[in-house]
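Results of the structural survey
Each chain, written out:
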Amino acid sequence: MSRDFRLARVILLLIQSALFLAVVGLLIGALIVDRSGVHGRDYLVFERRAVRSQQLTLAAFVLVIVEFLVGTPLLGAVMAILAILWTLWWLPAEHRRFDVAVQSVFNARPEAVAAIMFDISEQPRWMDSIVRTVLETPGLLRKGSVIRQTLRVSGQDLIAKLVVVELVPYERLLLQVVVRHAELFDLFEVQPHPEGSIVTYSGRHQLSRLNAILTGWRLPALRRSFAARRTANLDRLRTIVHPAPLARRA
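Computed from a predicted structure; not experimentally measured.

A large share of helix α5 (residues 110–117) lies buried, amounting to 6 of its 8 residues. Looking at the buried residues of α5, the elements they touch are β1 (97–106), α6 (123–126), β6 (183–193), β7 (196–206) and α8 (219–240).

Shown next as structure tokens:
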């Protein structure tokens with residue numbers, strides 16, 4: 001019996017060691033895949049490699065739980081139950097979706113603000129991380145137009161595509177980023193205000209299920225970060241828009 005017990009301990013140790021090495025290998029692989037995505041040029045390739053990195057990371061966490069189930073079953077069972085509940089929470093889309101909107105009053109007519117804000121070629125001047133923006137669809141900007149946008153991520157330039165979902169001249173412009181595993185919208189609105197114009201820069205973001213499971217705990221920080229960046233963008237836009245005299249009222 002003593003010999004059998006020692007053999008069982010050795011087998012258990014070998015299983016735990018193999019699981020540990022597998023976890024380390026998965027995490028290293030996730031890091032390599034993630035970094036390789038940044039060095040590409042296509043945003044869809046970047047997204048696809050980010051998803052693969054997240055899959056490897058999630059697999060590593062699953063093996064960690066299995067390792068605890070093998071070594072300390074009670075603790076492993078608790079971790080497994082918590083992981084299942086956490087995963088179930090993020091399945092509904094409304095739990096993974098958040099909106100961010102900021103507003104500012106400009107001392108300029110709505111037409112003057114919209115002429116800059118709705119001009120996609122002007123975006124690099126006031127939008128953070130945007131290097132270049134060009135219209136791929138021939139003709140004027142309209143609903144269905146495709147925009148090619150070059151943005152800088154971690155020091156590397158990535159090319160993303162956006163589609164114009166809605167355009168009301170001088171009032172409203174809704175853009176959707178072309179991605180496969182999430183939903184990203186940017187909304188620009190300009191309305192008259194007694195002091196000139198009230199400008200709204202908002203967006204809707206929906207995380208993929210995988211991304212929410214791994215990083216959902218960061219949603220409050222993401223909201224604050226996105227709001228701060230949008231506010232800074234509007235501040236830069238304000239310095240570009242030249243105040244125009246308001247029409248004299250009778």
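On we go.
Attention now goes to the pairing of β1. Of the two faces of β1, the one lined by F98, V100, V102, S104 and F106 is fully buried and the one lined by R97, D99, A101, Q103 and V105 carries no buried residue. Pairing between β1 and β7: 10 bridges, direction antiparallel. If you follow F106 over to β7, its bridge partner there is S197.

With 29 residues, helix α2 (residues 43–71) ought to run about 42 Å at 1.5 Å a step, and its terminal C-alpha atoms sit 42 Å apart, in line with that. N-cap assignment for α2: the residue whose side-chain oxygen lies 2.8 Å from the backbone N of L44 is D42.

One number sums up the size of the largest pocket: a volume of about 1,500 Å³. Lining of the largest pocket is provided by 44 residues; of these, Y43, F46, L184, F226 and R229 occupy positions nearest its centre. Those elements that provide at least two residues to the lining of the largest pocket are α1 (2–38), α2, β3 (146–153), β6, β7, α7 (209–215) and α8. Take the lining of the largest pocket: its biggest share by element is 8 residues, from α2. Tallied by class, the residues present in the lining of the largest pocket amount to 21 nonpolar, 14 polar and 9 charged. Along the wall of the second largest pocket there are 14 residues; nearest its centre are L58, F61, I65, A83 and I213. Secondary-structure elements contributing two or more residues to the lining of the second largest pocket are α2, α3 (73–89) and α7. Along the lines of polarity and charge, the residues of the lining of the second largest pocket split into 13 nonpolar, 1 polar and no charged.

The residue V190 is located in strand β6 in this model. A relative accessible area of 1% places V190 in the buried class. Each C-alpha atom of the pair V190 and P110 lies 5.9 Å from the other, and the pair is 80 residues apart in sequence. Those residues within four positions of V190 in sequence are excluded, and the remaining contacts are P110, V113, A114, M117, F118, Y170, E171, S197 and I198.

This paragraph deals with the sheet that holds strand β2 (residues 130–135). The strand order across the open sheet formed by 7 strands is β1-β7-β6-β5-β4-β3-β2, and the pairing between neighbours is antiparallel. The open sheet has two free edges, formed respectively by β1 and β2, since each of these has just one partner strand. For this sheet, the mean angle separating the axes of adjacent strands, direction not counted, is 20 degrees. Bridge analysis of strand β5 (residues 172–177) against β6 gives 5 bridges, and the strand direction is antiparallel.

With that settled, consider the nonpolar core. In terms of nonpolar packing, the biggest core is built from 33 residues, with M117, W126, F188, Y201 and L237 touching the most fellow members. For Y201, the contacting residues outside a window of four places in its chain are V100, A101, V102, M117, W126, M127, D186, L187, F188, R230, N233 and L234.

It is worth spelling out the pattern of salt bridges at this point. Under the counting rule described, the total for this entry stands at 9 salt bridges. Across the pair D99 and R204 runs a salt bridge whose closest N-O atoms are separated by 2.8 Å. Note that D99 is positioned in strand β1 and R204 in strand β7, a separation of 105 residues in sequence. A residue is classified by how much of its surface remains accessible, and D99, at 44% relative accessible area, is partly exposed. Linking D157 and R152 is a salt bridge whose minimum nitrogen-to-oxygen distance equals 2.7 Å. Overall, D157 belongs to the buried group, its relative accessible area being 19%. A relative accessible area of 43% means that R152 is categorised as partly exposed.

Cut-off values and rules
Each residue is numbered by its place in its chain's sequence as written, counting from 1. The model is predicted, so local features are restricted to residues of pLDDT at least 70 and side-chain atom pairs to those at 80 or more, both for listing and for counting; the totals for chains, interfaces and linings are taken over all residues. Note that the side-chain values use all heavy atoms of the structure and ignore hydrogens as well as water. Residue exposure (1.4 Å probe, protein chains only): buried if accessible area is under 20% of the type maximum, exposed if over 50%, otherwise partly exposed. Comment: elements are numbered from the N terminus, with helices defined as DSSP H or I runs of at least four residues and strands as E runs of at least two. Two residues qualify as a contact provided that any one of their heavy atoms is within 4.5 Å of a heavy atom in the partner residue. If DSSP finds at least two bridges between two strands, the strands pair. Between the first and last residue of a helix there are one fewer steps than residues, each counted as 1.5 Å, and that sum is the expected span. Polar contacts, as used here, are pairs of N or O atoms within 3.5 Å; protein pairs need one atom able to donate a hydrogen and one able to accept it. Residues neighboring in sequence count only if both atoms are side-chain atoms. A cavity, in this analysis, means grid points on a 1 Å lattice covering only the protein atoms where a 1.4 Å probe fits yet has no way out; a pocket is instead an open set bounded by protein on both sides within 12 Å along at least five of seven lines, and a residue lines either one if it has an atom within 4 Å of a point. Grid points are joined across faces, edges and corners, and a volume is the space filled by probe spheres set on the points. Under the scheme applied, nonpolar residues are Ala, Val, Leu, Ile, Met, Phe, Trp, Tyr, Cys and Pro; charged residues are Asp, Glu, Lys and Arg; polar residues are all the others, including Gly. Axis definition: a line fitted to C-alpha atoms, over the contacting stretch in the case of helices. Angles run 0 to 180 degrees between N-to-C directions. Residues enter a nonpolar core if they are buried and are Ala, Val, Leu, Ile, Met, Phe, Trp, Tyr or Cys, with the set joined through side-chain atoms within 4.5 Å. We define a salt bridge as a side-chain nitrogen of Lys or Arg found within 4 Å of a carboxyl oxygen belonging to Asp or Glu.

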